[in-house]
Amino acid sequence: MDYSRLIEKALKGDRLATGRLLSIVERDPRGASMVLESLPEREGYHVIGVTGIAGSGKSTLLSRLLTHYADKGYRCAVVAIDPSSAYSRGALLGDRIRMQMHATNPNIFIRSVSTRGLKGGLSFAGVAMIDVFGRLGYDKVFIESIGVGQADVDIMRIADTIVVVTVPGLGDDIQALKAGVMEIGDIYVINKVDKDREGANKTMEYLLFAIEAGELGHRGWRPRIVKTSAVLDEGIDELIDAIEEHYRFILGTGRYGSGRERRREILVRLLAEKMLIDALESIEIETGKDLYEGALELLRRVTARYVDTTGGGEA
Amino acid sequence: MTITETERIKVLVAKLGLDGHDRGAKVVARALRDAGFEVIYTGIRQTPEQVVEAAIQEDVDVIGVSILSGAHMTLMKRLMELLREYGADDIPVFLGGTIPVPDIEPIKRMGVREVFLPGTSLREIVEMIRQAGLERRKRRGW
Ligand code: B12
Ligand SMILES: Nc1nc2c(ncn2[C@@H]2O[C@H](COP(=O)(O)OP(=O)(O)OP(=O)(O)O)[C@@H](O)[C@H]2O)c(=O)[nH]1
Ligand SMILES: [Mg+2]
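Residues numbered from 1 in each chain as written. Chains lettered and ligands numbered in written order. Predicted model: local features only at pLDDT ≥ 70, side-chain atom pairs only at ≥ 80, totals over all residues. Heavy atoms only, no water.

Asks: Report on the site of ligand 2, specifying residues and quantitative values.
Replies: Residues and elements named next belong to chain A. In the vicinity of ligand 2 lie 18 residues, with K58, T60, R98, D194 and A230 positioned nearest. At a separation of 2.5 Å, an oxygen atom of ligand 2 approaches a polar side-chain atom of T60. In this structure, D194 approaches ligand 2 through a side-chain N or O atom, which is 2.7 Å from a nitrogen atom. Against a free-state accessible area of 650 Å², the protein chains account for coverage of 75% of ligand 2. (Near = heavy atom within 4 Å. Polar contact = N/O pair within 3.5 Å; in protein donor to acceptor, adjacent residues only side chain to side chain. Areas by Shrake-Rupley, 256 points an atom, 1.4 Å probe, with all protein chains shown as cover.)

So, in C-alpha cells, the structure goes:
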C-alpha cells in the first residue's frame, strides 16, 4: 500500500491502514512530521493523560472508561506507553492485556509504544500519535504513561486533562510524591478502594487538605478527587463526570489548544533528543566505540563539518 | 544479539482459545524482550478475531501463537483465514505448544511458518522470529 493510499484509507477508518500509518510515525521523526502534515487539521478532540504510580490500576481504569465512552458513540484511541529495558532495549508492553477485551470494538483503537530509551515516561512516537489519532477523527485520545513519579510531569504538558491515579494507604509516600506527579493532576483518582476503604478516606483527606491549602490545582481549576474500584466498576461514572467537567472548563476558558501547543514544543525537544541518540547509536555500531567515546566522536564530526562548511564556502 | 533502533521488531504473543497454559507464552515473551524485541502479550483466552485486531492495531512484524489445549487445527485455520480477509497475511505466523507431530504439516500448509514443540530452545525460537521479522521489514521497504 503506498503512502497516499494509506492516508486516504486511514481517514475512512480503515484499521489496517491506521496501524501501518502509525508505524511510519513510529519509525522516525521525519515520518511522523510527514504523516502529521498530510492529515487535515481538526479541532475539538480531547486528550486525556492518565498517569500515576506503577500498578495503581491505570490500564484497568482506562478499560472502564473505554467501555463507557465507546458505548456512547465516541471514537476512542489509546496510546499506551511502557518503558523499554535499558539492558536489551527490548520491551514487554503490558497495558494492552487489561484492555484487550475491546480489541474488536470498532470505536476503539489501542496502540502500544515503548519509550525507546527516552526519559520522562514519554516517547517521541507516543506524543506524535496523539495528534495523528485526533486528525484521523478520534474524539477521545487517552495516553497512559508509566508512573515513575517526578519525571512524569512531562505528561502534564501534552494532555488537555490530566488524571493522576494513586492507591489508598500510601501514607507518607504521598508526601514524597507530591513534589512531582501528585502536583499535576486535574483529577485525582484513589483507585482500589475495595482493598482499603479506611485508607482511601485518609488519602482523600490528605488530598483535600492539599487542595484547600492551595498546594494542588492551578489556574482557576479546583482539582477533583474521585474514589474508584476499577475491578468492581465503582466510581467510574463520577470519574467520567469529572473528566467531562474539566473538558467543558478548558473549552469555556479558551484553554483548549494549549495542550496542542505544548505537544508541538515537546515534539521538538524529543526530536532533538532522539536524533542525538540515533546518531550516537549509529556511531556505536559503525565504530564499535561505547556511548562516551561515541559522543566524543560525534562532537569531532560536528565540529569538523562546521569548520568545513564555514571555511569551504561552497554555496 | 541485540537489535538496532531502526530494526526493532514488534511481536504479538497470543494465547488462542480456552487454554490457561500461559507459562510457555510468558517464557517466550520474556526471551524475546531480553533479545531486544518489543513484545505485546494478549493474555489468555483470545478469539482469532481479537488476535488479528491486536496484530493490526499494533502493526506487529510477527505473530506468535501458543496453544496447549488441543484445539489448534480449528483455531489456526480461522486465524489464517482472518489474516487474509483483513489483508494482513504479510505478517508471518508461528505456533508453539503441544502439537501432535502429524498435525505439523497440515498447519504449515495453512501458511504457518514454523511449529515449535515443547522443549525447543529459546535461542532457536528467538533467531527464527528475528529472521522472519527482518524479512517482513525488508519486504515492506521502510
Ligand atoms: C504446567 C502444566 C499445567 C499447569 C499450567 C500452568 C500455567 N499457568 O501455564 C496447570 C497445572 C495449571 C495445568 C492445567 C491443565 N492442564 Co496442563 N500441562 C502442564 C504441562 C505439564 C507443562 C506445560 C508447560 O508449562 N511447559 C513449559 C513451557 C515453557 O513449555 P511450552 O508451553 O510447551 O512452551 C514451549 C514450546 O511449546 C514453545 N511455545 C509455547 N508457546 C509458544 C508461543 C510462541 C509465540 C512461540 C514462538 C513458541 C511457543 O516454546 C516453549 C519453549 O520451548 C503440560 C505437559 C507438557 N509436556 O507440555 C500439561 C498439558 C499441556 N496439560 C494438559 C491438560 C489436559 C491440562 C488440564 C485440562 C488438566 C485437567 N484435566 O485439569 C488443565 C487445564 C488448564 C487450563 N485452564 O487450560 C495436557 C493437554 C492435552 C492436550 N493438548 O490435548 C498436557 C499436554 C498434559 C498431558 N500430556 O495430558 N497444566
Ligand atoms: N483490588 C483491586 N485491584 C485492582 C484495581 N484496579 C486494578 N487492580 C489490579 O491491579 C493490578 C495492576 O493493574 P493495571 O491496570 O495493570 O495497573 P497500571 O497502573 O496500568 O500498571 P502499570 O501500567 O504497569 O504501571 C492488576 O492486577 C489489576 O487487576 C482495583 O480497583 N481494585
Ligand atoms: Mg498499565
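Asks: Summarise the coordination of the cobalt atom of ligand 1; cite the residues concerned and give the values.
Replies: In this structure, the cobalt atom of ligand 1 receives exactly one donor atom from the protein: H21(B) (NE2), at 2.1 Å. Position of H21(B) relative to the elements: it lies in the loop between β1 (10-15) and α1 (23-34). (Donors = N, O, S within 2.8 Å, 3.2 Å for Na, K, Ca; no water. Helix = DSSP H or I, 4+ residues; strand = E, 2+ residues; numbered from the N terminus.)

Asks: Describe the sheet that holds strand β2 (residues 38-41) of chain B, naming the residues involved and giving the relevant values.
Replies: Across the sheet, which stays open at both edges, the 6 strands sit in the order β3(A)-β2(B)-β1(B)-β3(B)-β4(B)-β5(B) with parallel pairing between neighbours. At either margin of the open sheet sits one strand with a lone partner, and together these are β3 (91-93) of chain A together with β5 (114-116) of chain B. If you compare each strand with its neighbour and ignore which way they point, the axes differ by 25° on average. Inspection of the sheet shows strand β4 (residues 93-97) of chain B paired to β5(B) by 3 bridges, in the parallel sense. Of the residues in β5(B), the one forming a bridge with F94(B) is E114(B). (Pairing = 2+ DSSP bridges. Axes fitted to C-alpha atoms, helices over the stretch in contact; angles between N-to-C directions.)

Asks: Give me the lowdown on the coordination of the magnesium ion (ligand 3), citing residues and values where you can.
Replies: All names here are of chain A. At 2.1 Å from the magnesium ion (ligand 3) lie its protein donor atoms, namely S59 (OG), D95 (OD) and E144 (OE). We note that the donor set of the magnesium ion (ligand 3) lies within a single chain, spaced as S-x35-D-x48-E. Of the two residues, S59 sits in helix α4 (residues 58-71) while D95 sits in helix α5 (residues 95-99), which places them 36 residues apart along the sequence.

Asks: How would you summarise the interface of chain B and chain A if you had to cite specific residues and measurements?
Replies: Contact residues are listed per partner, giving 37 residues for chain B and 31 residues for chain A. Inspection of the region where chain B meets chain A yields 5 salt bridges. In this structure, R96(A) and E58(B) form a salt bridge, with 2.6 Å as the shortest nitrogen-oxygen distance. Run the count over chain B and chain A and you get 18 residue pairs in polar contact (both at pLDDT 80 or more). Sorting the residues of the side of chain B that touches chain A by element identifies α1, β2, α2 (48-58) and α5 (122-140) of chain B as the ones contributing at least two each. Per-element accounting of the side of chain B that touches chain A gives the leading share, 8 residues, to α2(B). Class assignment for the residues of the side of chain B that touches chain A results in 12 nonpolar, 9 polar and 16 charged. (Contact = heavy atoms within 4.5 Å. Salt bridge = Lys/Arg side-chain N within 4 Å of Asp/Glu carboxyl O. Nonpolar A, V, L, I, M, F, W, Y, C, P; charged D, E, K, R; others polar.)

Asks: Go over the site of ligand 1 with me, naming the residues and quoting the values.
Replies: Residue and element names in this part refer to chain B. Around ligand 1 there are 23 residues in total, and G20, H21, D22, S66 and T120 lie nearest to it. L68 places a main-chain nitrogen or oxygen 3.2 Å from a nitrogen atom of ligand 1. Every element with two or more residues in the shell around ligand 1 is listed here: α1, β3 (62-67), β4 and α5.

Asks: I'd like a description of the domain arrangement of chain A, backed by residues and values.
Replies: All names here are of chain A. Assigned domains of chain A: these are domain 1 (1-32), domain 2 (41-256) and domain 3 (265-306). Contacts between the two partners involve 11 residues from domain 2 and, on the opposite side, 11 residues from domain 3. For the domain 2 and domain 3 pair, buried surface summed over both sides reaches about 950 Å², with 69% attributable to carbon and sulfur atoms. The tally of links from domain 2 across to domain 3 stands at 0 salt bridges. If you look at where domain 2 meets domain 3, you find 0 residue pairs in polar contact (both at pLDDT 80 or more). Class assignment of the residues belonging to the side of domain 2 that touches domain 3 gives a composition of 6 nonpolar, 1 polar and 4 charged. (Domains from an automatic or database assignment. Buried area = accessible area lost by both parts, 1.4 Å probe.)

Asks: Account for the packing of aromatic side chains, naming residues and giving values.
Replies: Per the stated rule, a full pass over the model turns up 7 aromatic pairs over all chains. Between F94(B) and F116(B), the aromatic rings sit 5.8 Å apart at their centres with planes inclined by 15°, giving stacked as the arrangement. Here F94(B) is found in strand β4, whereas its partner F116(B) is found in strand β5, with 22 residues between them in sequence. The burial state of F94(B) is the same as that of F116(B); both residues are buried. The ring of W221(A) is capped by R224(A), whose NZ or CZ atom sits 4.4 Å from the centre of that ring. (Phe/Tyr/Trp six-rings, centres within 6.5 Å; stacked < 30°, edge-to-face > 60°. Buried < 20%, exposed > 50% of the residue type's maximum accessible area, 1.4 Å probe, protein only. Lys NZ or Arg CZ within 6 Å of the ring centre and 35° of its normal.)

Asks: Describe the sheet that holds strand β1 (residues 46-52) of chain A, listing the residues and the values that go with them.
Replies: Sheet strands associate in pairs through backbone hydrogen bonding, adopting either a parallel or an antiparallel arrangement. Residue and element names in this part refer to chain A. Reading across the sheet, the 7 strands line up as β4-β2-β5-β1-β6-β7-β8 and stay open at both edges, with parallel pairing between neighbours. Strands at the two margins of the open sheet, each flanked by one partner only, are β4 (108-114) and β8 (224-227). Each neighbouring strand pair of the sheet contributes to a mean axis angle of 20°, computed without reference to strand direction. Two elements, strand β7 (residues 187-190) and β8, share 4 bridges in a ladder whose sense is parallel. In the sheet register, I190 faces β8, and the bridge partner there is K227.

Asks: Let's hear about the confidence of the model for chain A: which residues, and what values?
Replies: Parts of the model with low pLDDT should not have their predicted coordinates read in detail. All names here are of chain A. Chain-level statistics for chain A give a pLDDT mean of 85 and a share of 84% at 70 or above. When pLDDT is averaged over each helix and strand of chain A, the minimum, 55, is found for helix α7 (residues 172-178) and the maximum, 97, for α4. Every residue in residues 311-315 scores below 50 in pLDDT, and together they form 1 contact with partners more than four places removed in sequence or on other chains. (pLDDT = per-residue confidence, 0-100.)

Asks: I'd love a proper account of the pairing of β1(B), names of residues and values included.
Replies: All names here are of chain B. Of all 6 residues making up β1, 6 are buried, and the element is well covered by its neighbours. Residues of β1 alternate between two faces, with K10, L12 and A14 on one and V11, V13 and K15 on the opposite face, all of them buried. Pairing between β1 and β2: 4 bridges, direction parallel. Bridging from a neighbouring strand, L12 pairs with I40 of β2. In terms of strand pairing, β1 meets β3 through 5 bridges, oriented parallel. Looking at the pairing, K15 lines up with S66 of β3.

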